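A closer look at the structure
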Amino acid sequence: MCVVQQSPRSQALWARIQPLWQRLRTWRWQWLVALPALGLLYVLVLIPLTPSISDIRKAKLEQPAQVLTADGKELAIFKRSNRQWVTLGQVAPAVIDALIATEDHRFYDHFGMDLRRTASSIFYSLQGDLQGGSTLTQQLARNLYPEEIGRSASLNRKLKEAVTAFKIEALYSKDEILETYLNTVPFLYNAWGIEMAARTYFDKSAAKLSVIEAATLVGMLKGTSYYNPVRNPERAVERRNTVLSQMAKREVLSQADFLRLKKQPLRLNFERQEAPSGMAPHFAQQVRKWLIDWADSEGYNIYADGLVVHTTLDARMQSMATQAVRNHTKALQSIANTNWSKSDGWRNDNPLVQSMVRESSTFAALHEKGQSAPDALQALLKDKAFMQQLRQDKTRIEAGFVAMDPDTASVRAWVGSRDFAVDAYDHVQQARRQPGSTFKPFVYGAALQDGLSPDDERVDTAVEIKLAGGEVWRPSDAGPPSGKRMTLRDALAYSKNTITAQLVQEVGPAAVAKLARNLGVRSSHLDAVPALALGASPVTLLDMTNAYGSLVRGGQYRSPLIVTRIEDRNGKLLAQFAPHAAQKAMDLQDSYALIDMLRGVVDKGTARDIRRRWGIKDDVAGKTGTTQNNADGWFILMHPQLVAGAWAGFNDARITLRSDYWGQGARSALPMVGDFTSRALRSKDIDRHARFTEPESSQWWANLKEGVRHQLHGWWGDDSPPAASQPARKAAPAALPQPEPSPAHPAEPAQEVIEESTPALPAPSAPAPVSPADELDVWMNQWSGPAAEPGSSTDYEATPPAVLGRPLNEQ
């Protein structure tokens, strides 16, 4: 035995190192214990951060919210997705064999996590070959709870996924997990679950899928877009054959069948699955948004808790509104098609058409590929299919319609567009368009608040209003000013721009904007400028209709109401919603006086077709509106029990009907309201004998004022009484033309059709350089607007001095 003698120096060095070595050996064992303990502690921390047991139970037994109309008809069902739940017995066995063989062949052997597969995926991923190791249960956890678990490639996400998978395995059997997985996996084209996938790609039920069809759908699960058989058929076939080989490897498919099937071509019978839209899809979207906020605040899930939501919508009125919009927009579309035919307005040399081509995504794609802008433009102008589709999209007439109960501000009917499947944009609540003359009642209402009377007079004379920058605005009407006196009542009935412009100068634009906001125009910005009087600021149809409803409520504003109560599936009341609290926006006498003035619009003014064409003899009042170049047509009608408003136009406000006859609100929007209201009256949904409630004090006060005015008139003759005798109000600006004594304006104009016109744009004080956009406007003004139909006169509507509106997608 050989003993190695250590030198004193070596012994001294070992004596110094030995304690450190002993400590490192101790720490090694401590780390071996500490690391798993820390990992376990982290997992315990994640448990409350993953979906709870009750959430997982709801996922399998989820009951989507059911939305009903006020009369108990089904309006919508708020599902997570467009799917139809099927049991495993309703799924072809080949689907289950393909799924397990490809995605998780030890599915029946693990408890949510395949440790061997996980270790293998980690090993290959560290070498740069990224591989997935998730089991079907882990994939189900990720599909059911994408927000709670996430999809990032991180250890934290994998641990959350594993914890949730263990919870699922503890609650459900393997068959229940498999069934839930097959019913919740997405397959593109609005198809969720194996049943909708089978119907989408092969037009058959999941029970009738063949082996090759089952392999195609299971193959998509690795990447639905990448292996999309519609767009990427070669990749789909390659992936399908991989699935078939896995089935052969796991011995659920014979080798002979595999060799035979892998040579088969891809045979699809594709049919896109559309989610059912229901009778009022735009209204249902508003209910969904509102309900999500309510459910979040109250701890409910709209997709799982079986809520039954009762709305204010009336199914019968909704049907009437839909029919009215469909009938009249169909007629308007035929006019638009004629006016924008290839031989007329839609020409390749039209600067507006060329501008729209340059704005298209197809033009941008060609330009990005290196094609010059002029070449790309010429190529698309020669592309007949592209130009036809562009013309169809741009010249499609759109409309919005809403009807409300003026007492409670409850929505009774809501049509957001002609066809939700074609255009889901909501022209009731989303779209903001210039309201034209439908905004004028707020000017006259502000005048009433300022102390004026409906029977006060102003002279129909030319008006000049100086604007910022030295511009001068000269609002005009269809014909030259008459120079005669006209009562405010008649000025509103005949929609006189000149007198409305005088009034906004007297009361001030700020007072008009304030009254409009108080009455209900609250979701849009209102510019307090003179042109506001003629509808220069874009607003929503919902706001405008509700503001008119505030007048019927005696000047009381209420927020629109869409839901009355919420119950559970067993009928237990969870929440009930009364009409929103009323807020005083206008004096009761003034609001009634304004309604009385708006009766004249229907009786003898621009909305006489309500009486003459639609035969409505009831107590109604309303106002038409049209914007510059006839881009927008409006009409809002008030009945004591119903307020209805409609808008008609194009999504791109540069496109118009090019007809001063059909482009007016009295002919584009009024017929929808007239048709709807006449149906509602005939069906007795509203009372024919209902009348606007006249304030008790208004008659004697009106008689007193009229007596005083008559006496003062006898004292001063044709001259105006002293300011002290006038009702208290602001003085008119000195720049306004002063009234001249003249004969009273006749009660009815000589022409058969009341004409309103677009006032001229503000003229600059000095010549300014003309931009390309200005040249386009000049060209449009000269080129658009053919003569009215033979035998008829035009029905111009006063509109604001504003440039052409923007496309809706820019708002």
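Keep in mind that this is a model prediction, so the values were computed, not measured.

**Considerations on the overall build of the protein chain**
Each helix and strand in the protein chain was counted, giving 29 helices and 16 strands. Per-residue burial for the protein chain yields a buried fraction of 50% across its 811 residues. Pairs at least 24 residues apart make up 74% of the contacts formed inside the protein chain by residues separated by at least 6 positions.

**A look at unusual backbone geometry**
Backbone geometry places Y189, a non-glycine residue, at a positive phi of 55°. Judged by its relative accessible area of 14%, Y189 is buried.

**Remarks on the packing of helix α3 (residues 93-103) against helix α8 (residues 174-184)**
Remark: α3 packs on α8, axes separated minimally by 12 Å, with the N-to-C direction vectors making an angle of 95°. Between α3 and α8, the angle falls in the class roughly perpendicular. Residue-level inspection shows V95, I96, L99 and I100 of α3 in contact with α8, the latter providing L178, Y181 and L182. Residues of the contact of α3 with α8, tallied by class, amount to seven nonpolar, no polar and no charged.

**A closer look at the environment of F420**
Mapping F420 onto the fold places it in the loop between β5 (410-415) and α19 (440-449). Separated by 142 residues in sequence, F420 and G278 place their C-alpha atoms 9.7 Å apart.

**Concerning the nonpolar core**
Within the largest apolar cluster, 127 residues are counted, with the highest numbers of intra-cluster contacts made by F401, F442, Y444, M638 and F676. In this structure, F442 is in contact with V512, L515, A516, L519, V521, M544, A547 and Y548, ignoring residues within four places of it in sequence. Formed by 48 residues, the second largest nonpolar core is a distinct cluster that contains L140, F202, V218 and L253.

**What about the sheet that holds strand β3 (residues 308-311)?**
Across the sheet, five strands lie side by side as β2-β1-β3-β11-β12; this open sheet has mixed pairing. At either margin of the open sheet sits one strand with a lone partner, and together these are β2 (74-78) and β12 (573-576). Averaged over all adjacent pairs, the angle separating strand axes in this sheet is 20°, with direction ignored.

**Things to note about the confidence of the model for the protein chain**
In this model, the protein chain carries an average pLDDT of 80, and 74% of its residues clear a pLDDT of 70 or more. Ignoring residues within four places in sequence, the model shows residues 716-751, a span with pLDDT below 50, making 55 contacts including any to other chains. Overall, residues 758-811 carries pLDDT values under 50, and its contacts beyond four positions in sequence, including any with other chains, amount to 135 contacts.

**A few points about the environment of E74**
Structurally, E74 can be placed in strand β2. In this structure, E74 is in contact with Q66, V67, L68 and M279, ignoring residues within four places of it in sequence. Looking at E74, its side chain comes within polar contact range of the side chain of Q66, at 3.2 Å.

**Here's the deal with the pattern of salt bridges**
Per the counting criterion, the structure on display carries 30 salt bridges. Two residues, E103 and R239, come together in a salt bridge whose shortest N-O distance is 3.9 Å. Placement of the pair is E103 in helix α3 and R239 in helix α11 (residues 233-249), with a sequence separation of 136 residues. One salt bridge in this structure joins D652 and K394, with 3.2 Å as the shortest N-O distance. Highlighted residues: D652 in the loop between β16 (642-650) and α26 (665-668) and K394 in helix α18 (residues 384-394), separated in sequence by 258 residues.

**Looking at a nonpolar patch on the surface**
Together, V230, L268 and F270 make up an exposed nonpolar region whose accessible area comes to about 200 Å². Relative to the helices and strands, V230 is located in the loop between α10 (211-220) and α11. On the basis of relative accessibility, which here comes to 33%, the residue V230 falls in the partly exposed class.

**Points about helix α22 (residues 509-519)**
Turning to α22, its buried residues number three or more, namely P509, V512, A513, L515, A516 and L519. Around the axis of α22, the buried residues are gathered within 165° of arc, so they sit on the same side. Its buried side turned inward, α22 meets α19, α21 (497-507), α23 (541-552) and β10 (556-557). The first or second residue beyond α22 is G520, which carries a positive phi of 150°.

**Quick notes on the pairing of strand β1 (residues 65-68)**
In β1, alternate side chains face the same way, and those of A65 and V67 on one face and Q66 and L68 on the other are all buried. The pairing of β1 with β2 spans four bridges and is antiparallel. Paired with L68 across the strands is E74, a residue of β2. Linking β1 to β2, which pair antiparallel, is a turn of five residues; within it G72 sits at a positive phi near 85°. Pairing analysis gives three bridges linking β1 to β3, with the strands arranged parallel. By the bridge assignment for β3, L68 is matched with H310.

**Regarding the packing of aromatic side chains**
As enumerated under the stated definition, the model contains 13 aromatic pairs in all. Between Y189 and F270, the aromatic rings sit 4.8 Å apart at their centres with planes inclined by 70°, giving edge-to-face as the arrangement. One end of the pair, Y189, is in the loop between α8 and α9 (193-202); the other, F270, is in the loop between α12 (255-261) and α13 (281-298), and 81 residues separate them in sequence. You can call F270 partly exposed: its relative accessible area is 32%. Among the aromatic residues, ring-to-ring pairing joins Y189, Y201 and F270 into one connected group. Residue placement shows R235 over the ring face of Y226; its charged tip is 4.0 Å from the ring centre.

**Some remarks on α3**
In terms of burial, α3 is largely enclosed, as nine of its eleven residues are buried. Of all the residues in α3, the buried ones are A94, V95, I96, A98, L99, I100, A101, T102 and E103.

Cut-offs and rules
- Residues numbered from 1 in each chain as written.
- Predicted model: local features only at pLDDT ≥ 70, side-chain atom pairs only at ≥ 80, totals over all residues.
- Heavy atoms only, no water.
- Helix = DSSP H or I, 4+ residues; strand = E, 2+ residues; numbered from the N terminus.
- Buried < 20%, exposed > 50% of the residue type's maximum accessible area, 1.4 Å probe, protein only.
- Contact = heavy atoms within 4.5 Å.
- Axes fitted to C-alpha atoms, helices over the stretch in contact; angles between N-to-C directions.
- Parallel < 35°, antiparallel > 145°, perpendicular 65-115°, else oblique.
- Nonpolar A, V, L, I, M, F, W, Y, C, P; charged D, E, K, R; others polar.
- Core = buried A, V, L, I, M, F, W, Y, C linked by side-chain atoms within 4.5 Å.
- Pairing = 2+ DSSP bridges.
- pLDDT = per-residue confidence, 0-100.
- Polar contact = N/O pair within 3.5 Å; in protein donor to acceptor, adjacent residues only side chain to side chain.
- Salt bridge = Lys/Arg side-chain N within 4 Å of Asp/Glu carboxyl O.
- Patch = residues over 30% accessible without salt bridge, like charges linked within 9 Å, V, L, I, M, F, W, Y side chains within 5 Å.
- Areas by Shrake-Rupley, 256 points an atom, 1.4 Å probe, with all protein chains shown as cover.
- Arc of directions from axis to C-beta.
- Phe/Tyr/Trp six-rings, centres within 6.5 Å; stacked < 30°, edge-to-face > 60°.
- Lys NZ or Arg CZ within 6 Å of the ring centre and 35° of its normal.

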